[in-house]
Every structure is written in structure tokens, then in C-alpha cells.
Amino acid sequence: MRTIQVPEMIDEQKFNRFHLQILLCCIFIIICDGYDMFMLGTILPSLMAEWRITAVEAGLFSSYSLFGMMIGALVFGPLADKFGRKKVILICTVIFSVFTFTSGFADEPTSFGIQRFVAGLGLGGVMPNLIAIITEYAPKKLRSTLVAIMFSGHALGGVVASMGAMYLIPNFDWRAVVWLGALPLIFMPILYRLLPESINYLMTKNKKSKLVDVLNQVNVDGQYTMNDNYVLQEQLKSEMKGFPVKELFKKGRTLSTLMFWIAFFMCLFVMYGLSTWLPKIMGGAGYELGSSLTFLVVLNLGAVFGAIVGGKLADRYGSKRILVTFLVIGFITLTMLSFKPSMIMLYILIAIAGGTTTGTQIVTNAYVSQYYPNEIRSTGVGWALGIGRIGGILAPTFCGILLDMKLSLQVNFLAFAIPCIIAAAAIWFIQDNFSNLTEIRQEKKLI
């Protein structure tokens, strides 16, 4: 009988067909998630005109959705650690797809806002679990890169939403943009078949036959059988009991957990504030709606590029160093945008801003997913995203107030620049010596 140290075996694998399968499933879901979230910014001007609402009232739609996302992340993250990540991912995908589609039939603000809140529950629940399952199965050398590639689909969803809105709104109306949110429902049978369950869940629930099948896909040369003994490093430490949130504050992780929450709060404030109000801010600066939507496309394309490049650099040089650098660049870029540069420079700066704000948030997701051990990974990511959503909730309404006050372009952009510096400081104070990777290295030395 062999004893298989499962995490070590997964760490040592090369990227193969099984990893690609998981990556494509997660990319598809996160693109749909991103489309659902970012399409609101493309239709807000239409909603304001049709329902005759103010910028503050329109900003509340995004806040409702983000409030739902906060609750979804806080609840579904821990639930997935206990009941399986695959189940939670699929359930959450159905929730946000159905309620996004039905919100297209709303004929007044209240009904639309309620449905955006419910859709937000699914949006918030799916994100931490997609990050966790990619982190769990990814080879060690590619972990940040694969999480960044996967999560860059969120920004790509924003590109699809912006480009789709350019065609759909003039030729149909805003409802057509919303109805496209039902697309994931068509692919649910495929996702159910291809997406694997969490290794941690399969082992703790003693589903050995399914575990063997999955591990033989992870390592096609492993020839694993029911007679082998499979061990998780977390099982050697202790059996987690009760609600796993308390584990985030044990073994010296308290300060780092709080710093992650502050960093996520600031990053998501910038991310959702820009994605919701950039078209309106640029429209107020004298650009037409078509040009303003183009700025949103450039912002999200920059985010995709920044996420992938940032993930590669993080794998090579360390997440903390790259994140702090990117956030400082983000501060400088957003400050420069406030002075209304030439058109070419404007596009360049917006792309850099996307790469160093939304792109940075994506790399931060990879960082936090590796910081915590597998048994509390969904909880760690879910609570960081959930607390961070508070920043996302406040941003659209706060920025709507600034717009209603008719303040200068400089003030509008500084509202996004300053949080970048605060996030950089929070990342700097994260203590890597208490991370999951450090614990694993220490265990290997003892063995």
C-alpha cells in the first residue's frame, strides 16, 4: 500500500489536459460573472433616462448588487469548505443567471434593485470558490498565473458587456443587454460533467472512488487505486470543527487577515467605482456615450493584461512586491487622468489604470488563496471578498454623490487614486511568515 501526500503530488505536476479543463470551465463562469457585474455600468445612462432617476439613485443599483455579493461571499465561502465547492459554484451560477435575466422584465427601479440584490448573492458566492478550486488543483509553479488568467475573465466579461452594449442599446434597448445574462444556464450540463469536486471535500467525506478518479486525471502516470492511502497535510495538523471563520485568526494570521480585508475593501472600491461610473465621468468631461463606453472597454482590456502579467511576475518575484508596485503605479496613473491628457495618452493611462487596479485585485485574489491552507481556503477568500464588497457597495453611491455635486474631474479621479495607496500599505504589512506556504516548508523540514 502506498501513502500519497496529495498536495505535494499536485504541486509537482505539469500543466495538462485536466488543468485546462478546469481552467476553461472557471474562465467561462467568471466571464459570465464579469458580464453580469459590468453590464450595469453600460446601461445606467439608459436607466436614468427611462426612469428619470438621479445619479445617486442609479448608483444604488450597483450597491444593491454588491451588498448581495458581500453576503454571498461571506455565506457561500464557508459552506463550500463544508459541503463541496463544485455544488456551490453551480448553484451560485444558476442564481445569478436566472435573476439577471428576470431583471430585464423590470419596469420600475424597486423591482430591478431587488433582483440585482438576489443576483448578487450568486455573483458573490461563485468568485471565492472558483479561485479556491483553481488554487487547489494548480501546479505550484503556475498557481498565481492560472488564478490570474482565470480571473482575468472577469474583466473580459466587462469588455464583452461594453462592446455588446454599443450594438444592443442603439438597436434594441438596455433590456437586451440584461437578457444575455441567461447564457450560462444553457451550459450547466457541460459544467456539471467537467468541473471536479474539491480534493479536500472528497477526502473528508471519504469519497475514495471519486478521489482516485480525479487524481488519475491530475497525474495520468500515477496509477492510483482504492488500495492506496491518501493524506492531506491539513489532516496531519488537526480536524477543523465548527464554523471555519475563526481559523483565519489562528496561528499568527490575525494581522494579515485584517490587512487583506483592508486591501480588498480599497481595491474593490476602486474597481466597482470605476466600472460603474467611468462612462458617466467621461461623459461629464465632454465625451459622447460611444466614446465613454470605449473607455470602459480599454479599462477592462488593461485589466486582463495587468492580471496575466501580474500573475506571472508574482509567481517569479513574490506577490507582495508586485502588488505594492502595481498599486503605487495605479495611484500615479489615476492622478494623471484627472488632468484630462491628450486622447492617445488618455487611452494609455486608462489601460494602465485597469491593469493596476482591477488587474491588481485579480492578483490579490491569487495571493489570498495561497495564503490560507486548503481546509479554510474558500473561507479565507470568501471573507476577504465579502468584507471588500463593503468598499464596492459604498463606491457607486459615493461617486454618484460626487457627480451630483458637479465637482471637478480632479476630485472624481482622486477619489479612486487615494484608496490605491491605502491598499498598498495594507499589502505591505501582510506577514508571509505565517502563510500556508511557510507552514508547509516547516513541515517538510520536520519530516
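Residues numbered from 1 in each chain as written. Predicted model: local features only at pLDDT ≥ 70, side-chain atom pairs only at ≥ 80, totals over all residues. Heavy atoms only, no water.

### Digging into the nonpolar core
Let me state the cut-off plainly: Only buried residues count toward a nonpolar core. Its members are Ala, Val, Leu, Ile, Met, Phe, Trp, Tyr and Cys residues joined through side-chain atoms within 4.5 Å. Buried means the residue's accessible area, taken with a 1.4 Å probe over protein chains only, is under 20% of the maximum for its type, while exposed means over 50%, and partly exposed covers the values in between. Strands here are runs of E lasting at least two residues and helices are runs of H or I lasting at least four, both read from the DSSP assignment and numbered beginning at the N terminus.
If you look at the biggest cluster of nonpolar residues, it comprises 92 residues, and the most contacted ones within it are Met150, Ile199, Tyr230 and Phe260. Per-element accounting of this core gives the leading share, 11 residues, to helix H2 (residues 17-51). Counting residues in each nonpolar core, the second largest holds 47 residues, with Val177, Leu334, Leu346 and Ala395 among its members.

### Observations concerning the environment of Ala314
The condition is simple: Residue contacts are counted whenever heavy atoms from the two residues lie within 4.5 Å of one another.
Counting through the fold element by element, Ala314 comes out in helix H14 (residues 289-317). With relative accessibility at 6%, the residue Ala314 sits in the buried group. The spacing of Ala314 and Val363 is 49 residues in sequence and 7.8 Å in space, taken between C-alpha atoms. Setting aside residues no more than four positions away along its own chain, Ala314 makes contact with Ser144, Ser319, Ile322 and Val363.

### Focus: helix H5 (residues 109-137)
In an α-helix, one full turn covers 3.6 residues, which means residues spaced three or four apart are oriented alike. Let me state the cut-off plainly: Helix span, as expected, comes to 1.5 Å for every residue beyond the first. Polar contact criterion, stated in full: a pair of N or O atoms within 3.5 Å, where within protein one must be able to donate a hydrogen and the other to accept it, and residues adjacent in sequence count only if both atoms are side-chain atoms.
In this model, H5 (29 residues) spans 42 Å end to end at C-alpha, consistent with the 42 Å of a helix rising 1.5 Å per residue. Most of H5 sits inside the fold, with 23 of its 29 residues counted as buried. Of the residues that open H5, the one with a side-chain oxygen 2.9 Å from the backbone nitrogen of Thr110 is Glu108.

### Quick notes on the pattern of salt bridges
Spelled out, the test is: Put simply, a salt bridge is a Lys or Arg side-chain nitrogen that is within 4 Å of an Asp or Glu carboxyl oxygen.
Summed over all chains, the structure comprises seven salt bridges. Here Asp11 and Arg143 are joined by a salt bridge, their closest N and O atoms 2.5 Å apart. Taken together, the residues Asp11 in helix H1 (residues 6-11) and Arg143 in helix H6 (residues 143-171) connect sequence positions 132 residues apart. The same class applies to Asp11 as to Arg143, namely buried. The salt bridge involving Arg85 is made with Glu136; its shortest N-O contact spans 2.7 Å. You can see Arg85 sitting in helix H4 (residues 85-103) and its partner Glu136 sitting in helix H5, a full 51 residues away along the chain. The same class applies to Arg85 and to Glu136, which are both buried. When salt bridges with common partners are traced through the structure, they connect Glu50, Asp173 and Arg175 into a single cluster.

### Describing the environment of Phe76
Mapped onto the elements of the fold, Phe76 is located in helix H3 (residues 55-83). Using a relative accessible area of 17% as the deciding quantity, one classes Phe76 as buried. Separated by 302 residues in sequence, Phe76 and Ser378 place their C-alpha atoms 8.4 Å apart. In contact with Phe76, not counting residues within four places along its chain, are Val88, Cys92, Ile95, Leu121, Gly125 and Asn129.

### Things to note about a nonpolar patch on the surface
Quick reminder of the rule: Patch members must show over 30% relative accessible area and no salt bridge, and they are joined within 9 Å when carrying like charges or within 5 Å when they are nonpolar side chains of Val, Leu, Ile, Met, Phe, Trp or Tyr. Here the open area of atoms and residues is found with the Shrake-Rupley method and a 1.4 Å probe, where only the protein chains shown may cover a residue.
Together, Ile329, Ile344, Met345, Ile348 and Ile352 line one region of the surface with nonpolar side chains, adding up to about 420 Å² of accessible area. Ranked by residue count, the leading element in the nonpolar patch is helix H16 (residues 343-356), at four residues. Within the fold, Ile344 resides in helix H16.

### With respect to the environment of Val126
Checked against the element boundaries, Val126 lands in helix H5. In sequence terms Val126 and Ile89 are 37 residues apart; their C-alpha atoms lie 5.0 Å from each other. With residues near it in sequence (within four places) discarded, Val126 still touches Ile29, Asp33, Ile89, Cys92, Thr93 and Phe96.

### Describing the confidence of the model for the protein chain
What counts, and what does not: Scored between 0 and 100, pLDDT is the confidence that the predictor attaches to each residue.
When pLDDT is averaged across the protein chain, the result is 83; 91% of the residues are at 70 or more. Considering only residues more than four positions removed or in separate chains, one finds that residues 234-240, a stretch of pLDDT under 50, has 17 contacts. For residues 439-447, every residue scores under 50 in pLDDT, and the model assigns this stretch nine contacts once sequence neighbours within four places are set aside.

### Quick word on the packing of H4 against H5
Spelled out, the test is: Every axis in this analysis is a line fitted to C-alpha atoms, fitted for helices over the stretch in contact. Angles between the N-to-C directions lie between 0 and 180 degrees. Geometric relationships in this document are graded by angle, where less than 35 degrees denotes roughly parallel, more than 145 denotes roughly antiparallel, 65 to 115 denotes roughly perpendicular, and other angles denote oblique. Crossings are classed by handedness, with left-handed meaning an anticlockwise turn of the near helix from the far one by less than a right angle and right-handed meaning a clockwise turn. When residues are sorted by character, Ala, Val, Leu, Ile, Met, Phe, Trp, Tyr, Cys and Pro go into the nonpolar class, Asp, Glu, Lys and Arg into the charged class, and all the rest, Gly among them, into the polar class.
Closest axis-to-axis distance for the H4/H5 pair is 7 Å, and the angle between their directions is 150 degrees. Of the possible angle classes, the one that applies to H4 and H5 is roughly antiparallel. For H4 against H5, the interelement crossing comes out left-handed. Residues of the contact of H4 with H5, tallied by class, amount to 14 nonpolar, eight polar and three charged.

### Brief notes about a positive patch on the surface
What counts here: A residue counts as positive if it is Lys or Arg and as negative if it is Asp or Glu; His and the chain ends are not included. In this description, the location of a charge corresponds to atom NZ of lysine, CZ of arginine, CG of aspartate or CD of glutamate.
Positive charge collects at one region of the surface, where Lys82, Lys205, Lys207 and Lys210 lie side by side. For Lys207, the location among the structural elements is in the loop between helix H10 (199-204) and helix H11 (208-218).

### Quick word on unusual backbone geometry
Even without being glycine, Arg52 reaches a positive phi, approximately 55 degrees. As for its position among the elements, Arg52 is in the loop between H2 and H3. Of note, Lys251 is a non-glycine position whose phi angle comes to about 55 degrees, a positive value. Judged by relative accessible area, which is 48%, Lys251 ranks as partly exposed.

### Comments concerning the packing of H3 against H4
Running from N to C, H3 and H4 cross one another at 140 degrees; their axes reach a closest spacing of 7 Å. The angle between H3 and H4 falls in the class oblique. Each of Phe76, Leu79, Ala80, Asp81 and Phe83 in H3 lies in contact with H4, whose residues at this interface are Arg85, Lys87, Val88, Cys92 and Ile95. Here the contact of H3 with H4 is composed, by residue class, of seven nonpolar, no polar and three charged.

### Section: the packing of aromatic side chains
We count it as follows: Aromatic rings from Phe, Tyr and Trp, with only the six-membered ring used for Trp, were paired whenever their centres fell within 6.5 Å, and each pair was classed as stacked if the ring planes differed by under 30 degrees, edge-to-face if by over 60, and tilted otherwise.
For the coordinates displayed, the defined rule picks out 19 aromatic pairs. Ring geometry for Phe61 versus Phe112: centroids 5.0 Å apart, planes at 75 degrees, classification edge-to-face. One end of the pair, Phe61, is in helix H3; the other, Phe112, is in helix H5, and 51 residues separate them in sequence. A single burial state applies to Phe61 and to Phe112, both of which are buried. The interplanar angle of 80 degrees and the centroid separation of 5.4 Å between the aromatic rings of Phe101 and Phe105 together place this pair among those described as edge-to-face.

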